[in-house]
Amino acid sequence: MDTTHLTKFYKKNHDDKIDSLFLAGVISKKEKDRLLDRTLELDPETGSHMIENYIGNYSMPLGVAMNYMIDKEELVVPMAIEEPSVIAASSFAAKIIGSAGGFKTTVIHRMMIGQVTLKNVPDIEEATNNVAEAKQEILSRANEAYPSIVKRGGGAKNLDVRLLEDDTDSGIPSYLSVHIHVDTQEAMGANIVNTMMEGIAPYIEELTGGTALLRILTNYATECLATSKCVIPAHKLKTQDFSGEEVRDRIIEATQVATIDPYRAVTHNKGIMNGVDAVVLASGNDWRAIEAGVHAYASRSGQYRSLTSWSKNEAGDLVGELTLPLPVGTVGGSISFHPAAKLAHSIMGHPKAHKLERVIVSVGLAQNFAAVRALVTEGIQKGHMGLHARSLAISAGAKGDHVQQVADILKHSKHKNLQRAKNILLNILE
Ligand code: NDP
């Protein structure tokens, strides 16, 4: 990638942005033409095959975040998001973190978990022993239910048994859950795992004497964790009003608040998900699955807490870390035929699934850094309202150059609302 063409990317007009991505080697000539011709839309036939009662496409802006340096590799990151300022904040944070060495990531393993959950198990101990003894046979049967993933080097690898008991007086009876750990290779694996669970359920019923109530993967992907870390020297955090050390300490304190207070933690983590969801969506992955898993992971201690940790090292640098369950795929679902998802994968250089995880968790960390840094210094409204002003201008009916004109006046107005935007537009048009 030749990043010289991407300098001051945000200042270029739409067509020049696309041209510079082409010149930098991020997109091909064909992709450039598709972007310029606005032919990234899903065609009705494909849409009708994807969902039921299809009537049209719901458009979402697709943008790119700049300045990412992940494991010493420069990367342009595609993001699909409707919220203003997310991509600007992402690129800003990535620039600071990149100038300090960038993100260092780890993905220890990448396994999905399927559950066969049984009710009315007559003897829990006997059932547990029977399942443990039949482990190899259960795994073989799971693999027979989806042989192609075994040929690809994956498949069911391990199992364990969990007794599900409620420790309150709710009157809920016990259930037994057999967990199968599946290597789904490049796929997110929901359909692969679900097919396996349905395939083995009758045999598990035989072994346990219970009735299989549920046969599906869990989206709580605790064996598919990705971590990103960054170290930022304090002097890089300096703002007009605060020293670098003050900003560092305030970021640490703000994260402490999000660690002990769920009211703050939810908003803190929402900021992380601004970046995470945008890349998950752009890459054609199932963002509901990621959202559900991530928030469960934030509650793993028994209380909903901050997903990031920010601390300082002996040198006084700010040290950030984020771990997320990220069961994303580079194949499967609509990834291989959705035109915008295909483009997103191409922009990232067709990463393998573990690399996509590394990108997404780094974007989450960057997004959190940008949001908390702004919050503890000038506040987020200053940057946010500048971009929000453009949305208000568009809502007020402004077109072309008028959008920026209305936004510029609005930014300096006391009341930044739709009515004010409409009045400004009227004045300009008169
Ligand atoms: P698919 O059902 O599309 O399965 C993945 C396919 O990719 C396999 O059939 C496999 O083909 C093919 N493939 C090609 N190359 C590879 C490779 N290198 N590694 C692995 N597979 C490869 O997708 P998933 O099983 O990933 O399921 C994801 C979909 O399931 C998403 O759309 C999700 O929204 C949905 N879903 C999610 C649920 C949840 O999260 N709770 C529940 C139900 C569905 P081959 O057969 O030839 O090996």
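The text that follows walks through the structure, step by step, so that each part is easy to find. Everything quoted here is computed from the prediction, not taken from an experiment. Position numbers for residues start from 1 in each chain and track the written sequence from start to end. With the structure being a predicted model, the display of local features is reserved for residues of pLDDT at least 70 and the display and counting of side-chain atom pairs for 80 or more, all residues being used for whole-chain, interface and lining totals. Based on all heavy atoms of the structure, the side-chain values leave hydrogens and waters out of the count.

### Concerning the pairing of strand β4 (residues 112-119)
Taking burial as the measure, the eight residues of β4 include seven buried ones, the bulk of the element. Between any two strands, at least two bridges found by DSSP are needed for them to pair. Runs of E in the DSSP output that reach at least two residues are strands. Runs of H or I that reach at least four are helices, and both are numbered from the N terminus. Pairing analysis gives seven bridges linking β4 to strand β6 (residues 175-183), with the strands arranged antiparallel. Within the sheet, the bridge partner assigned to Thr 117 lies in β6 and is Ser 177. Burial classification: accessible surface area is computed with a 1.4 Å probe over protein chains only, and a residue below 20% of its type maximum counts as buried, one above 50% as exposed, and the rest as partly exposed.

### As for the nonpolar core
Counting 54 residues, the largest nonpolar core has Tyr 68, Val 77, Ile 232, Val 276, Trp 310 and Phe 369 as its most contacted members. When residues in this core are grouped by element, the largest group, eleven residues, is from helix α13 (residues 353-376). Counting residues in each nonpolar core, the second largest holds 34 residues, with Ala 142, Ala 156, Ile 200 and Leu 207 among its members. The criterion is simple. A nonpolar core is a set of buried Ala, Val, Leu, Ile, Met, Phe, Trp, Tyr and Cys residues joined through side-chain atoms within 4.5 Å.

### Brief notes about the sheet that holds strand β3 (residues 104-107)
Read across the open sheet, the four strands follow the order β3-β8-β10-β9; overall the sheet is antiparallel. Of all the strands in the sheet, just β3 and β9 (308-312) have a single pairing partner and so form its edges. Neighbouring strand axes in the sheet, compared pairwise and without regard to direction, differ in orientation by 15° on average. Taken together, the eight bridges between strand β8 (residues 225-232) and strand β10 (residues 318-325) define a ladder with antiparallel strand orientation. Directly across from Leu 225, in β10, lies its bridge partner Pro 325. Note on geometry: axes are lines fitted to C-alpha atoms, helical ones only across the stretch in contact, with angles between N-to-C directions running from 0 to 180 degrees.

### Thoughts on the site of the ligand
We call a residue near a given molecule or strand whenever any one of its heavy atoms falls within 4 Å of it. In the vicinity of the ligand there are 21 residues, among which Ser 148, Arg 152, Gly 189, Asn 191 and Asp 286 approach most closely. Throughout this description, a polar contact denotes any pair of N or O atoms lying within 3.5 Å of each other; where both atoms belong to protein, one of them has to be capable of donating a hydrogen while the other can accept it, and for residues adjacent in sequence the pair is counted only when both atoms sit in side chains. Ser 148 places a side-chain nitrogen or oxygen 2.9 Å from an oxygen atom of the ligand. Contact between the ligand and Ala 190: an oxygen atom at 3.3 Å from a main-chain N or O atom of the residue. Sorting the residues of the shell around the ligand by element identifies α7 (147-151) and α8 (190-208) as the ones contributing at least two each. By residue number, the principal contributor to the shell around the ligand is α8, which donates four residues. Ten residues, namely Ala, Val, Leu, Ile, Met, Phe, Trp, Tyr, Cys and Pro, are considered nonpolar, four, namely Asp, Glu, Lys and Arg, are considered charged, and the remaining ones, Gly among them, are considered polar. Residue classes in the shell around the ligand are distributed as nine nonpolar, nine polar and three charged.

### Points about the pattern of salt bridges
Salt bridges are counted wherever a side-chain nitrogen of Lys or Arg sits within 4 Å of a carboxyl oxygen of Asp or Glu. Enumeration over the complete set of coordinates arrives at eleven salt bridges. The shortest N-O distance in the salt bridge between Glu 73 and Lys 355 comes to 3.0 Å. Separated by 282 residues along the polypeptide, Glu 73 in strand β2 (residues 73-80) and Lys 355 in helix α13 bring together distant segments of the chain. Note that Arg 288 is salt-bridged to Asp 286, the shortest N-O span being 3.3 Å. Judged by relative accessible area, which is 47%, Arg 288 ranks as partly exposed.

### What to know about the side chain of Asp 183
For Asp 183, the position within the fold is in strand β6. The contact criterion used throughout is that any non-hydrogen atoms of two residues lie within 4.5 Å. When near neighbours in sequence (up to four residues on either side) are disregarded, Asp 183 contacts Arg 110, Met 111, Ile 149, Gly 153, Gly 154, Gly 155 and Lys 157.

### Focus: the sheet that holds strand β7 (residues 211-217)
Pairing within the open sheet is antiparallel, and its four strands lie in the order β5-β6-β4-β7. Of all the strands in the sheet, the pair left with one neighbour each is β5 (155-164) and β7. Geometrically, the sheet is characterised by an average inter-axis angle of 20° between neighbouring strands, direction not taken into account. As paired strands, β5 and β6 are joined by nine bridges and run antiparallel to one another. Looking at β6, one finds that Asn 158 is bridged to His 181. Strands in contact with helix α6 (residues 135-145) are β5 and β6; relative to β5, the strand with the most contacts, it is inclined by about 120°.

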